[in-house]
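Summary of the model geometry
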Amino acid sequence: MQFLSYLVRGISLGSVYALIALGYTMVYGIAKMLNFAHGDIIMVGGYVVFFTFCQGGMNPWLSMILAIVVCTLLGITIERIAYRPLRGAASLAVLITAIGVSYFLENGAMLLWSSEPKSFTSIVSLPALNLFGGSLQISAETIVTIVTSLVIMFVLIWFVNNTRPGHAMQAVSEDRGAAQLMGINVNAIISLTFAIGSGLAAIAGALLLSSYPTLVPTTGAMPGIKAFVAAVFGGIGSIPGAFVGGILLGIIENLSKAYISTQLSDAIVFLVLIVVLLVKPSGLLGKKATVKV
Amino acid sequence: MAKQKKISKAARTYLTSFILVGGFWGAIEAVKLSGGLSSKAAGLLIPVCAYIMMAISLNLVVGFLGELSLGHAAFMSAGAFAGVFFYNTAGAGMPEGAAIVLAFLIGGLAAGIFGVIVGVPVLRLSGDYLAIVTLAFGEILKNVLNSLYIGADSAGLHFSLKDQFSLNMEPTGKVLMKGAMGITGIRKFSVFSVGILLIALTLLFVLNLMNSRAGRAITAIRDDDIAARSIGINLTKYKLMAFVSSAVIAGFAGVLYALNFASLVAKKFDYNLSINILVMVVLGGMGSIPGAIIAAVVLTVLPELLRGFSQYRMFIYSIVLIIMMLFNRAPAFVMWRQRMALKFRSGKAGSEKEDAGKKKG
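So, how was this worked out
Residues numbered from 1 in each chain as written. Chains lettered and ligands numbered in written order. Predicted model: local features only at pLDDT ≥ 70, side-chain atom pairs only at ≥ 80, totals over all residues. UniProt positions renumbered as here; feature names shortened; annotations may be inferred. Helix = DSSP H or I, 4+ residues; strand = E, 2+ residues; numbered from the N terminus. Rg over C-alpha atoms; globule rule 2.2 N^0.38 Å. Buried ≥ 20, exposed ≤ 12 C-beta atoms within 10 Å, placed from the backbone. Expected span 1.5 Å × (residues − 1). Bend = angle between axes of the 7 residues up to and from the residue. Pairing = 2+ DSSP bridges. Contact = placed C-beta atoms within 7 Å. Nonpolar A, V, L, I, M, F, W, Y, C, P; charged D, E, K, R; others polar. Axes fitted to C-alpha atoms, helices over the stretch in contact; angles between N-to-C directions. Parallel < 35°, antiparallel > 145°, perpendicular 65-115°, else oblique. Left-handed = near helix turned anticlockwise from the far one by under 90°. pLDDT = per-residue confidence, 0-100.

With an unreviewed UniProt entry as reference, chain A is termed Branched-chain amino acid ABC transporter permease, source organism Porcincola intestinalis. Recorded under Subcellular location (unreviewed entry), the UniProt text for chain A is reproduced unchanged: "Cell membrane". UniProt annotates chain A under Sequence similarities (unreviewed entry) with the comment "Belongs to the binding-protein-dependent transport system permease family. LivHM subfamily."

Spelled out as structure tokens, the structure:
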């Protein structure tokens, strides 16, 4: 029973990683850049929900939608101001700019809202689920997190495979130049990708903070890195890969925290990542890249 | 003619680098003599030296080998802990000079070994995957050092990853390293001239390496690994050479940095430090040694200068970073700058630009 409870909590944490990783992986697949500021968007989403719902007493749904809108606009703005001018520059230059944006968001949040930790109240107000006559208790947050991320993943897969913008995304990811020649507005598609990724980050932020309720300006940094690892783990650029990677990462982290060592759990997560990458360099579900000479 | 120009370019890099470091040393010593050096600024000297070494070291991997490393602080950490651990235990009974020299050698060696351990598997990967694995190794080392306890009693050394009590020591045993508290009670050794000397040695080594056959092989791999392989360059050998040399230098920098403080914790060498060093390299211009030196000094001193604005300083720093990257790297800006340069300079400068363009093409 104990094991099952750890496992479920792991899956729940993993679902949050998966949501963040979906944003990472889509941006990477389409814009070919590592958006290091992605984790900090989670934090911004968290603050929006905190001020409207936890303090302002707004309807949780309305507050969520507001957070999604704010983060989406933020994502589009960041892309427009900081990343778009660098299109065509070396990828390292874009990476450093993304790091700059990440510092900007963290320190901006510190100035606006101070670095004092804020305690978040859960946006989920449902009773916990008791299984096996009460020996296994699963909190409502856990269930909502898992279900939300599953639904989002399936919607995303459907979106990418069955809609015109989705097809355009695939085309841009495959060959940006050719897509442009086919009349696809590449800039618009990249903006759309950032919008989707940032919107997902807002949801991830609210869910993460519902289970782990301490909000500080650096809240998003570590989940951001973990989600990046999850995306690479599952095969970066692949939507189901990001999901599988996120879930596995959450499970590994929680089980090693429970059975091996709290302090070493991060080390174990990263060790597994290294082993996976060495055995299968393109990640679990990644496409094998053939190098043409 | 072309050959002559190439030689002079290498010599120019030597000259600028050493003049920069010499000038830095001279300026600081002059201010010291005049008594104008505040204790705060004096405390910054050794970290600046260590960061300069780190920037040069990372430049070897990022600028010359062309691979992205996001875990460079780990090598610094490996060197720092190995060197300081030795200095604090076995080195305690030795004359100070010998202990210091040995501490540096052991730190460099430990970082080098860690470099081989990381490099052999990691260099099979490339691009962003290599970046994430170096990040992973850095986090692993940080977490392990952060929970490592070492104690000594009459039976020898005891290790534990859990806590002080699971060391199973005799009651008279001494705990040498306390997990997240790290190593404490370090006899401080911070001599600015030693830092400068180490930078000079680093420069001598790196610049000679880059102008040697091996260095040309390394840059050939960066420019086109397939072409490099086809003319018989052993990719693994040269990649590993660059990577491990870089790790050893980072190890020296780690020892230098750690001996400047009374205590040493693993948390200092985190992902943010790796990123800061990467920022120095990129801002200074990848592959440019003088650029790395200037950027290391500016980026270490700038946040301190901005302390007056205390809470705004990191915010300003981030904006400056973004604007500098956009201004230096955005294609539209670069073209605009070139147009401006053409407009304001005489015709001679314009034709020089054209020559440069032709050479590239």
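Of the regular secondary structure elements, chain A holds 11 helices and four strands. Compactness check: chain A gives a C-alpha radius of gyration of 19 Å against a globular reference of 19 Å for 293 residues, within 12% of the reference. A principal-axis box enclosing the C-alpha atoms of chain A has dimensions of 60 × 45 × 35 Å. Considering chain A as a whole, with its 293 residues, one finds that 51% of them fall into the buried category.

In terms of regular secondary structure, chain B is built from 14 helices and three strands. Taking 21 Å as the expected radius of gyration for a compact globule of 361 residues, we find that chain B reaches 22 Å, a close match to that expectation. Taken over the C-alpha atoms alone, chain B extends approximately 80 × 55 × 40 Å along its principal axes. For chain B, the residues scored as buried account for 41% of the 361 residues in total.

Moving on: helix α2 (residues 38-55) of chain A. An α-helical segment advances 3.6 residues per turn. Residues three or four places apart therefore align on the same side. All names here are of chain A. Taking 1.5 Å of rise per residue, 18 residues should cover 26 Å, and α2 covers 25 Å from first to last C-alpha, within 8% of that figure. At V49, α2 is bent by approximately 30 degrees, the largest bend along its length. α2 sits mainly inside the fold: 15 of its 18 residues count as buried.

Another aspect to go through is the pairing of strand β1 (residues 149-153) of chain B. All names here are of chain B. Pairing analysis gives five bridges linking β1 to strand β2 (residues 156-160), with the strands arranged antiparallel. Bridge assignment links I150 to a residue of β2, and that residue is F159. What sits between β1 and β2 in their antiparallel hairpin is a turn of two residues. The pairing of β1 with strand β3 (residues 174-178) spans four bridges and is antiparallel. Paired with A152 across the bridge in β3 is K174.

The next thing to look at is the UniProt feature "transmembrane region" (unreviewed entry) in chain A. All names here are of chain A. UniProt's feature table lists "transmembrane region" (unreviewed entry) at residues 6-27, 34-53, 59-78, 90-113, 143-160, 189-215, 227-252 and 258-279, given in the numbering used throughout. Secondary structure across residues 6-27 comprises 100% helix and 0% strand; the distance between its end C-alpha atoms is 32 Å. When the span residues 59-78 is considered, its composition is 95% helix and 0% strand, and the gap between its end C-alpha atoms is 28 Å.

This next bit is on the interface of chain B and chain A. Of the residues lining the interface, 35 residues belong to chain B; the matching set on chain A comes to 36 residues. Within the residue set of the side of chain B that touches chain A, elements represented by two or more residues are α5 (127-146), α10 (271-284), α12 (313-329) and α13 (331-344) of chain B. Taken together, the residues that form the side of chain B that touches chain A break down as 27 nonpolar, five polar and three charged.

Let us now look at the packing of helix α2 (residues 39-65) of chain B against α10 of chain B. Residue and element names in this part refer to chain B. Remark: α2 packs on α10, axes separated minimally by 9 Å, with the N-to-C direction vectors making an angle of 70 degrees. One finds that α2 runs roughly perpendicular with respect to α10. Note that α2 runs across α10; the crossing there is right-handed. Contact residues: α2 offers Y51, M54, A55, L58, N59, V62 and G63, while α10 offers I277, L278, M280, V281 and G284. In the contact of α2 with α10, the residues fall into nine nonpolar, three polar and no charged.

Another point: the sheet that holds β2 of chain B. All names here are of chain B. Read from one edge to the other, the open sheet built from three strands follows the order β2-β1-β3, with strand pairing classed as antiparallel. Of all strands in the sheet, those with a lone pairing partner are β2 and β3, marking the two edges. In this sheet, neighbouring strand axes are inclined to one another by 20 degrees on average, regardless of whether the strands run parallel or antiparallel.

Residues and elements named next belong to chain A. For the pair helix α1 (residues 2-31) and helix α8 (residues 186-211), interaxial distance at closest approach is 9 Å and the crossing angle is 165 degrees. On the basis of the axis angle, α1 is roughly antiparallel to α8. Considering the relative orientation of α1 and α8, their crossing is left-handed. Split into classes, the residues belonging to the contact of α1 with α8 amount to 18 nonpolar, six polar and no charged.

The next point concerns the environment of K268 of chain B. Residue and element names in this part refer to chain B. Within the fold, K268 resides in the loop between α9 (235-258) and α10. C-beta crowding within 10 Å serves as the criterion here: with 19 such atoms nearby, K268 is assigned to the partly exposed category. A sequence separation of 191 residues divides K268 from S77, and the C-alpha atoms of the two residues are 8.4 Å apart.

This next bit is on unusual backbone geometry. Residues and elements named next belong to chain A. Positive phi, normally seen in glycine, also occurs at K32, with a value near 55 degrees. Within the fold, K32 resides in the loop between α1 and α2. The backbone of S114 shows a phi angle near 60 degrees, a positive value even though the residue is not glycine. By the secondary structure assignment, S114 is in the loop between α4 (91-113) and β1 (118-119).

All names here are of chain B. The residue M54 is located in helix α2 in this model. Separated by 145 residues in sequence, M54 and I199 have C-alpha atoms that sit 9.8 Å apart. Once residues lying within four places of it in the same chain are set aside, the contact partners of M54 are H72, M76, A250, A253 and I277.

So, about α4 of chain A. Between its first and last C-alpha atoms α4 of chain A spans 33 Å; for 23 residues at 1.5 Å apiece the expected length is 33 Å, and the two agree. A positive backbone phi angle near 60 degrees is found at S114 of chain A, which sits one or two residues after α4 of chain A.

Attention shifts here to the confidence of the model for chain B. Residues and elements named next belong to chain B. Summarising the model, chain B shows a mean pLDDT of 82, and 92% of its residues fall at 70 or more. Of all secondary-structure elements in chain B, the lowest mean pLDDT belongs to helix α14 (residues 347-360), at 47, while α9 reaches the highest, 92. A low-confidence stretch, residues 349-361 stays under pLDDT 50, and its non-local contacts, those more than four residues away or across chains, total four contacts. In the predicted complex, the global pTM is 0.81; the interface-specific ipTM is 0.84.

Our next topic: the confidence of the model for chain A. Detailed reading of predicted coordinates is not advised where the pLDDT is low. In the predicted model, chain A carries a mean pLDDT of 86, and the fraction of residues at 70 or more is 97%. Averaged pLDDT values for the elements of chain A fall to 72 in strand β2 (residues 129-131) of chain A and rise to 92 in helix α3 (residues 60-83) of chain A.

Residue and element names in this part refer to chain B. Examined against the element boundaries, A152 turns out to sit in strand β1. Considering only alpha carbons, one finds A152 and V175, 23 residues apart in sequence, at a separation of 6.3 Å. Discounting chain neighbours no more than four positions away, the residues touching A152 are L157, G173, K174 and L176.

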